[in-house]
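Structural overview
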Amino acid sequence: MDDDILDGLLAAMPLPSLAIDGTERIIAANNEALLLIGHQAKGHNYVTILRQPALLDAIELTLNDGRSRRTQYLSNDGAHDTTFRVSCRAAPGVGQGGAVVTLLTFEDISHIEQAGQMRRDFVTNVSHELRTPLTALMGFIETLRGPASNDPTASARFLSIMHDEAERMNRLVGDLMSLNRVEGDERVRPTQSVVLNNIIRSTIHTLQPLASEANVDFEIEFPDVPVQIIGDADQLTQVFTNIVGNAIKYGGSGGRITVRMTPSAREPVLRAAGVRIQIIDYGVGIEPLHLPRLTERFYRADNHRSRDLGGTGLGLAIVKHIISRHRGRLRIESELGKGSTFTVILPVQGNF
Ligand SMILES: Nc1ncnc2c1ncn2[C@@H]1O[C@H](COP(=O)(O)OP(=O)(O)OP(=O)(O)O)[C@@H](O)[C@H]1O
Ligand SMILES: [Mg+2]
């Protein structure tokens, strides 16, 4: 086959692709491949162009025995690494005078690599989070068996700490299961018709004891009309329980929390009718560097304080998934020393 025809064929391939002949020269390549390996590549020996040992070995073997192989190729555009899965295959009869040509195609598999990395990080995090309370429990069991075995006062104190640690593990497992469920049905649109005023009021009612304990008062600013949306009542309750709970736990020093609901016929962020629910505290605030990462799993702005308060760092990750299932948005603003504002924006059917 003529090299021009080969070029034409490769140009029609959606993946970066190139062809190497029996003299080890790159005889054809499409634009996608040239972008990846450099525009001068054509006509050169593949060894001087491709340079990565795993790939060179695979090509050499396929040139010799004609068998198909797969390997990887890493590229870096200065900003990010990209991982390609390269397949090397012999194409008999395609070269000049019917010679064998070796065809390489490059498939970007960075997303698979990233997913693998995320899974590994996740397992590391979960193990670490579980191990901390477990180590404490094991230590106390040893103490109860030994030094404290005849000391009822110490035993009672240790048992109470052990109870708290076991509860922390229980909460962690509960949150993990909840995150799993929420991620699982993120693509399934909710179908219930719910009244947000009622959901938020009952959330606040449930959290009232926690707020009283922290000397926090609620200021509720709701519209007079009921705001009805299509949503999942349990999940929305989870969203507001976590955000309001956080405002009490971390922002409670401000003494009050404002919960404001503002429906509007045209919510700019959604470009449609929507409702904003703002949970505003006047406490310590969050440093700007933490803001973009707060919704990551296990991320805590103030590690010690959050742990002391029993936090697992999964709350806002769950919130984010639920809001995205509802086709909404979450905005977080904060100023150190002044407080934080968490804004949930949800679509509303119909008009006001
Ligand atoms: N209102 C707030 N004021 C200050 N910091 C906050 C506020 N809300 C959240 N944070 C910070 O964000 C972090 C993440 O919150 P998130 O709800 O995801 O986890 P958590 O409360 O630590 O644990 P969980 O909610 O799973 O029990 C918290 O650890 C805290 O450091
Ligand atoms: Mg929380």
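Bear in mind the structure is a predicted one, so any value in this text is a computation, not a measurement.

For the rest of this paragraph, the subject is the nonpolar core. Core analysis: the biggest nonpolar cluster contains 33 residues, and Val 239, Phe 240, Ile 243, Val 244, Ile 257, Val 275 and Ile 279 have the highest contact counts within it. Secondary structure elements with two or more residues in this core: α7 (196–213), α8 (233–251), β9 (256–267), β10 (272–281), α10 (315–325) and β12 (339–347). Of the residues forming this core, the biggest block, 7 residues, is contributed by α8. Other than its neighbours up to four places away in sequence, Ile 243 contacts Ile 279, Val 319 and Phe 342. Grouped together as the second largest cluster of nonpolar side chains are 25 residues, Ala 29, Ala 33, Val 94 and Val 101 included.

A few words now on the site of ligand 1. The full set close to ligand 1 counts 23 residues, and Ala 301, Ser 306, Gly 311, Gly 315 and Leu 316 are the nearest of them. When residues of the shell around ligand 1 are traced back to their parent elements, those giving at least two are α8 and α10. Among the elements that take part in the shell around ligand 1, α8 stands out by supplying 5 residues, more than any other. Considered class by class, the residues forming the shell around ligand 1 number 9 nonpolar, 10 polar and 4 charged.

This part takes up the packing of helix α5 (residues 110–145) against helix α6 (residues 152–184). It is the contact of α5 with α6, at a shortest axis distance of 10 Å, that shows an interaxial angle of 160°. Classified by the angle between their axes, α5 and α6 sit roughly antiparallel to one another. The two elements α5 and α6 cross, and the hand of that crossing is left-handed. Between α5 and α6, the residues in contact are Val 126, Glu 129, Leu 130, Pro 133, Ala 136, Leu 137, Phe 140, Thr 143 and Leu 144 and Ser 155, Phe 158, Ile 161, Met 162, Glu 165, Ala 166, Arg 168, Met 169, Leu 172 and Leu 176, respectively. Looking at the contact of α5 with α6 residue by residue, the classes come out as 14 nonpolar, 2 polar and 3 charged.

Criteria and thresholds
Along each chain, residue indices are assigned from 1 in the same order as the chain's sequence is written. Going through the entries in the order they are written, you letter the chains from A and number the ligands from 1. Totals for whole chains, interfaces and linings use every residue, but because this is a predicted model, local features are given only for residues with pLDDT of at least 70 and side-chain atom pairs only at 80 or more, for both listing and counting. Put simply, a nonpolar core is a cluster of buried Ala, Val, Leu, Ile, Met, Phe, Trp, Tyr and Cys residues tied together by C-beta atoms within 7 Å. Partly exposed residues are those whose C-beta has more than 12 but fewer than 20 other C-beta atoms within 10 Å; 20 or more makes a residue buried and 12 or fewer makes it exposed, with C-beta atoms placed from the backbone. Helix numbering and strand numbering both begin at the N terminus, where a helix is a DSSP run of H or I of at least 4 residues and a strand a DSSP run of E of at least 2. What counts as a contact is two residues whose backbone-derived C-beta atoms lie within 7 Å of each other. Residue proximity rests on one test: whether the C-beta atom, placed from the backbone, lies within 6 Å of the molecule or strand. Following the grouping adopted for this structure description, the nonpolar residues are Ala, Val, Leu, Ile, Met, Phe, Trp, Tyr, Cys and Pro, the charged ones are Asp, Glu, Lys and Arg, and the polar ones are all others, Gly among them. As a rule, the C-alpha atoms of each element are fitted with a line to give its axis, helices using only the stretch in contact, and angles between N-to-C directions run from 0 to 180 degrees. Under this scheme an angle from 65 to 115 degrees is roughly perpendicular, one under 35 degrees roughly parallel, and one over 145 degrees roughly antiparallel; angles in between are oblique. Here is the rule for handedness: rotate from the far helix to the near one, and if that takes an anticlockwise turn smaller than a right angle the crossing is left-handed, while a clockwise turn gives right-handed.

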